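Survey of secondary and tertiary structure
Chain by chain, the residues run as shown.
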Amino acid sequence: MENKYDLIIIGGGPGGADAAEEAVRQGMDVALIERDLMGGTCLNRGCIPTKTLLHTADLYRDMKNAIDEGRISGNDVKVDLSGLQAYKEDVIGQLRAGQTGALEKAGVDIFNGMGTILGDKRVKVGSDILEGDNILIATGSRPSRIPVEGGDLPGVITSDELLSLTRVPESLIIVGGGVIGMEFAQVFSSLGSQVTVVETLKRVLFNFDKEISRSLTMVMGKRGVDINTETKLLSIEKTRDGKLRCSCEKKGEGFRAEGDLVLMATGRSPVMDGLFDDADLESSLKTEKGYIKTDENSQTAVEGIYAVGDVTGGMQLAHTASARGRIAVCHMAGKPAPLDPANVPACVYTDPEIASVGSSADAAKEAGIKAVSKKYPMSANGKSVLTGQERGFVKIIVKEDTGQILGAQMMCARATDMISQFSQAISNGLTVDKMSNFIYPHPTFSEGIGKAAEI
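The text that follows walks through the structure, step by step, so that each part is easy to find. (Residues numbered from 1 in each chain as written. Predicted model: local features only at pLDDT ≥ 70, side-chain atom pairs only at ≥ 80, totals over all residues. Heavy atoms only, no water.)

As for the overall build of the protein chain
What the protein chain contains, in helices and strands, is 14 helices and 22 strands. Relative to the compact-globule value of 23 Å for 455 residues, the protein chain shows a C-alpha radius of gyration of 23 Å, a close match. When its C-alpha atoms are laid out on the principal axes, the protein chain stretches across 70 × 65 × 45 Å. Burial statistics for the protein chain: of 455 residues in total, 52% are counted as buried. Taking contacts inside the protein chain between residues at least 6 apart in sequence as the whole, the part at least 24 apart equals 63%. (Helix = DSSP H or I, 4+ residues; strand = E, 2+ residues; numbered from the N terminus. Rg over C-alpha atoms; globule rule 2.2 N^0.38 Å. Buried < 20%, exposed > 50% of the residue type's maximum accessible area, 1.4 Å probe, protein only. Contact = heavy atoms within 4.5 Å.)

See the structure below:
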């Protein structure tokens, strides 16, 4: 059976789903192929389940602190991880049903199965052969493991398995101090695990502002998380008492850590198994590192074949995939890009939250731009004090001569919600003086933005 479409999308995550919605708005006939569950990694094994666990872990820690401080009376407050898992699945199920229903209502034909590109703009899924004017690859990524002795032992897991635990481990070793590693350090330290982080680089969250990395290390340290930077994992072995022992090299010396579980939070790799039936087509699209190379319009080296999201490498963020999906569809339709792909906020859902967009002070300096930083400590913010927030700040990077906002870094409650104000400011070329003229309600966390702009 053959079906003809304007666009065939392979992958039902944020990139594929948002591209499908944009394509419908552009008047296209759309087929979307998903071999697993609609929503992709983000909805099923990433953003949504992780943040659901984080929300409950933070709520639990806040309740315990309130009891200790005498603000709430009570005892024996505890987390039922089995109940939390059931709640997490309800959240995922509700969002998945909503997404699937919206796409079907819009007229998108959804196929469940492996989508394989045959060449000549044809894609096979099950017994069906789909023909499209354009193909969009949005197959995402999966957790990767570093090759190390003992890395395949029981109890050495990835984020996929950690998200499904039904009991809190007494101790957890996290290999990798990036976003995934630090968010899980937040979850399980709040739930009562003794957490040890092993990171090869000089600091955790290495791609973020140095001050953010240092501040998060201090906050986590106060909560009992043992963070070890410049530490390389050499091997993992099972001890006589059933623990997992990680042997490492820390700044040239031996270092060991033991835990009930070891989480490999060491990055992700693109999902492309079964994607191509044509070896020549596959080799023309993939880079040396295995990702698919695209141009500014998300088009590959083959005209009419596009790719977005984690399968292309770069910033592996759900909202980046969504934006790139819309940009790709608009290019197919001969329309200008509806979004600025260079202005992408990055978020970390630790406590305090972390968010960043645009240029940092160091990046501006490296680019030869004379810039200044305007920083406001959130310890002076009324909402932060009354809600018991810890160390935090709002930092704005501005062009020295004009005051134009180049970037912002935030480490405070609701940072991930508020960073979009800076995205809008950068995209619209606002100056810091203009931003300081807005009225911010009191008491709110957003007052910190106005105060930083006034400095």
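Anyway, onward from the coordinates.
Points about the side chain of Glu 22
Mapped onto the elements of the fold, Glu 22 is located in helix H1 (residues 14-25). When neighbours within four sequence positions are excluded, Glu 22 is seen to be in contact with Arg 326, Val 329 and Cys 330.

Concerning the sheet that holds strand E15 (residues 261-264)
Read across the sheet, five strands follow the order E8-E15-E9-E10-E11 without closing on themselves; strand pairing throughout is parallel. In this open sheet, the two strands that pair with only one neighbour each are strand E8 (156-157) and strand E11 (226-228). Here two bridges tie E8 to E15, and the two strands are oriented parallel to one another. Residue pairing across strands places Val 156 opposite Val 262, the latter belonging to E15. Against the sheet, helix H6 (residues 179-190) contacts strand E9 (171-175), strand E10 (194-198), E11 and E15, and its axis sits at roughly 165 degrees relative to E10. (Pairing = 2+ DSSP bridges. Axes fitted to C-alpha atoms, helices over the stretch in contact; angles between N-to-C directions.)

Some details on the environment of Gly 448
Within the element layout of this structure, Gly 448 appears in helix H14 (residues 447-454). Separated by 158 residues in the primary sequence, Gly 448 and Gly 290 place their C-alpha atoms 43 Å from one another.

Observations regarding the sheet that holds strand E12 (residues 231-238)
If you trace the three strands from one edge of the open sheet to the other, you get E12-E13-E14, paired in antiparallel fashion. Each edge of the open sheet carries a strand with a single partner, namely E12 and strand E14 (253-259). Shown here is a sheet whose adjacent strand axes are inclined to one another by a mean of 25 degrees, direction ignored. Judged from the seven bridges that link them, E12 and strand E13 (residues 244-250) form a sheet pairing that is antiparallel. Its bridge partner being in E13, Ser 235 is matched across the sheet by Ser 247.

Description of the packing of aromatic side chains
For the structure shown, the criterion picks out two aromatic pairs. Both rings, one in Tyr 5 and one in Phe 111, keep their centres 6.5 Å apart while their planes meet at 85 degrees; by these two values the pair is edge-to-face. Pair noted here: Tyr 5 is in strand E1 (residues 2-10) and Phe 111 is in strand E3 (residues 109-112), with a separation of 106 residues, a long-range link. There is no split in this pair, since Tyr 5 and Phe 111 are both buried. Arranged with centres 6.4 Å apart and planes meeting at 35 degrees, the rings of Phe 184 and Phe 188 form a pair that is tilted. With a gap of four residues between them, Phe 184 and Phe 188 both fall in helix H6, about one helical turn apart. Judged by relative accessible area, Phe 188 falls into the buried class, the value being 1%. Looking at Lys 250, its charged tip hangs above the ring of Phe 255, at a distance of 5.2 Å from the centre. (Phe/Tyr/Trp six-rings, centres within 6.5 Å; stacked < 30°, edge-to-face > 60°. Lys NZ or Arg CZ within 6 Å of the ring centre and 35° of its normal.)

Side note on helix H4 (residues 81-106)
The terminal C-alpha atoms of H4 lie 37 Å apart, and with 26 residues this matches the ideal 38 Å at 1.5 Å per residue to within 8%. Along H4, the residues that are buried comprise Leu 81, Leu 84, Gln 85, Lys 88, Val 91, Ile 92, Gln 99, Thr 100 and Leu 103. Those residues of H4 that are buried lie in contact with H1, strand E2 (30-34), helix H2 (40-45), helix H3 (47-68) and E3. Sitting at the amino-terminal end of H4 is Asp 80, which places a side-chain oxygen 3.1 Å from the backbone nitrogen of Ser 82. (Expected span 1.5 Å × (residues − 1). Polar contact = N/O pair within 3.5 Å; in protein donor to acceptor, adjacent residues only side chain to side chain.)

Notes on H6
In this model, H6 (twelve residues) spans 17 Å end to end at C-alpha, consistent with the 16 Å of a helix rising 1.5 Å per residue. Within H6, ten of the twelve residues are buried, leaving the element largely enclosed by the surrounding structure. In the segment just after H6, Gly 192 is the residue with positive phi, at about 115 degrees.

Concerning the environment of Gly 15
Counting through the fold element by element, Gly 15 comes out in helix H1. For Gly 15, a relative accessible area of 5% corresponds to the buried category. In sequence terms Gly 15 and Gly 39 are 24 residues apart; their C-alpha atoms lie 9.4 Å from each other. Setting aside chain neighbours within four positions, we find Gly 15 in contact with Leu 136, Ala 138, Val 308, Ala 321, Ser 322 and Gly 325.

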